[in-house]
Amino acid sequence: MIEIQSSADGTKIAFERTGEGPALIIIGGALNSRRSADMLVARLAPHFTVYAYDRRGRGESSDTLPYSPGREVEDLKALIAAAGDSAYAYGHSSGAILTLEAAAAGAAISKLAVYEPPYLTGHASEEPWENFRDRVQAALNEGDREGAVELFIRHTGSDFDEGIKTMPWWPALLSVAHTLPYDLTLTSDGTVPERLSNIQVPALGIYGGASPSWAGTAINAVAAAVPGMKKVQLEGQNHGVSDKAVAPVLIEFFNSAPA
């Protein structure tokens, strides 16, 4: 059942809660909606009350312009309030950056895990991030959602096969394409901010053994900034980590007693 929580600026944030136990919020990355986490939710729900939500501008959530990362942090704080004023948090990709930013800003996150926050990807030296964001926005302004998604996927270093446009999940990507500039603003130049040192809760950084080299570099840099963060490499996994691989790691981490 879809529930709605109002953020500080009045934006309506749609979410679903599944399972029983401590609250665990899943924060998806670019081109994701709450539906993207369905398989992971199913694996986690026997252990936690799992909250999957549509980030602003996606799915059933509303939006309020202009966009700012601070407003997304407020959205997550509002969802934590709906979850009982404290929650665990797991973020993937740009959702990992949002998780870290929220924790650094004092959100009531009692434990956090992040998978491959896109810091230090190397793109900053190729093209200023604002320029690339504006190119994606220009495609969207022209109504070219397909072009915007293709630009973004190529920017990540992934191969773009025209055949993906025939996949059943392609329309879902296009439906949230207009939020790509949000993720690019959140990631900005990929620098790990010093404010992450404000995080004072148990934290876990996860990356894939088959991911590009930036992923491990990013986790090492985040772990150097966040006091006491632990690191885990998932052998054979890449940026699109499988639910089967990551779920046991999350269950063990969030169920473990504080050190």
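## Notes on the sheet that holds strand 4 (residues 49-53)
Link 1 in the chain: Spatial ordering of the open sheet is given by 1-2-4-3-5-6-7-8, a layout of eight strands whose pairing is mixed. Each of the sheet's edge strands pairs with one partner strand only, and the pair in question is strand 1 (3-6) and strand 8 (230-234). Averaged over neighbouring strand pairs, the angle between their axes works out to 25 degrees when direction is ignored.
Link 2 in the chain: Relative to the sheet, helix 2 (residues 69-82) contacts strand 1, strand 2 (12-18), strand 3 (23-27), strand 4, strand 5 (87-92) and strand 6 (109-115), its axis offset from that of strand 1 by approximately 125 degrees.
Link 3 in the chain: Across the sheet, helix 3 (residues 94-104) is in contact with strand 3, strand 4, strand 5 and strand 6; its angle to strand 6 comes to roughly 155 degrees.

## What about the nonpolar core?
Link 1 in the chain: Within the largest apolar cluster, 43 residues are counted, with the highest numbers of intra-cluster contacts made by Ile 25, Tyr 53, Leu 100, Leu 112, Leu 196 and Met 229.
Link 2 in the chain: In terms of nonpolar packing, the next biggest core, distinct from the first, is built from 24 residues, Val 41, Tyr 88, Tyr 90 and Leu 204 among them.

## With respect to unusual backbone geometry
A negative phi angle characterises most non-glycine residues, just as the trans form characterises most peptide bonds.
Link 1 in the chain: With an omega of 0 degrees, the peptide bond running from Leu 65 to Pro 66 counts as cis.
Link 2 in the chain: Here the phi dihedral of Asp 85 falls at roughly 75 degrees; this positive angle occurs in a residue that is not glycine.
Link 3 in the chain: Position of Asp 85 relative to the elements: it lies in the loop between helix 2 and strand 5.
Link 4 in the chain: We note that Leu 120 has phi near 55 degrees; this positive angle belongs to a residue other than glycine.
Link 5 in the chain: As for its position among the elements, Leu 120 is in the loop between strand 6 and helix 4 (129-141).
Link 6 in the chain: A relative accessible area of 37% means that Leu 120 is categorised as partly exposed.

## Remarks on the pairing of strand 6
Link 1 in the chain: Counting buried positions along strand 6 yields six of seven residues, so the element is predominantly enclosed.
Link 2 in the chain: Pairing between strand 5 and strand 6: six bridges, direction parallel. Residue pairing for strand 6: Ala 89 is matched across the bridge by Leu 112.
Link 3 in the chain: The β-α-β motif built from strand 5, the intervening helix 3 and the parallel element strand 6 has right-handed crossover chirality.
Link 4 in the chain: In this structure, strand 6 lies alongside strand 7 (residues 203-208), joined through four bridges in parallel fashion. Bridging across to strand 7, Leu 112 finds its partner in Ala 203.

## Quick word on the pattern of salt bridges
Link 1 in the chain: With the rule as written, the count across this model stands at 17 salt bridges.
Link 2 in the chain: Here Arg 135 and Glu 127 are joined by a salt bridge, their closest N and O atoms 3.0 Å apart.
Link 3 in the chain: What emerges from the salt-bridge pattern is a single network uniting Glu 16, Arg 34, Arg 35, Asp 38 and Asp 54.

## Notes on the packing of helix 4 against helix 5 (residues 145-155)
Link 1 in the chain: It is at 7 Å that the axes of helix 4 and helix 5 come closest, and there the two elements cross at 155 degrees. In terms of orientation, helix 4 lies roughly antiparallel with respect to helix 5. For the pair helix 4 and helix 5, the crossing hand works out as right-handed. Residues Phe 132, Arg 135, Val 136, Ala 139 and Leu 140 of helix 4 form the contact with helix 5, whose own contacting residues are Arg 145, Ala 148, Leu 151, Phe 152 and His 155.

Definitions and limits used
- Residues numbered from 1 in each chain as written.
- Predicted model: local features only at pLDDT ≥ 70, side-chain atom pairs only at ≥ 80, totals over all residues.
- Heavy atoms only, no water.
- Pairing = 2+ DSSP bridges.
- Helix = DSSP H or I, 4+ residues; strand = E, 2+ residues; numbered from the N terminus.
- Axes fitted to C-alpha atoms, helices over the stretch in contact; angles between N-to-C directions.
- Contact = heavy atoms within 4.5 Å.
- Core = buried A, V, L, I, M, F, W, Y, C linked by side-chain atoms within 4.5 Å.
- Buried < 20%, exposed > 50% of the residue type's maximum accessible area, 1.4 Å probe, protein only.
- Right-handed = clockwise from strand over helix to strand, strands pointing away.
- Salt bridge = Lys/Arg side-chain N within 4 Å of Asp/Glu carboxyl O.
- Parallel < 35°, antiparallel > 145°, perpendicular 65-115°, else oblique.
- Left-handed = near helix turned anticlockwise from the far one by under 90°.

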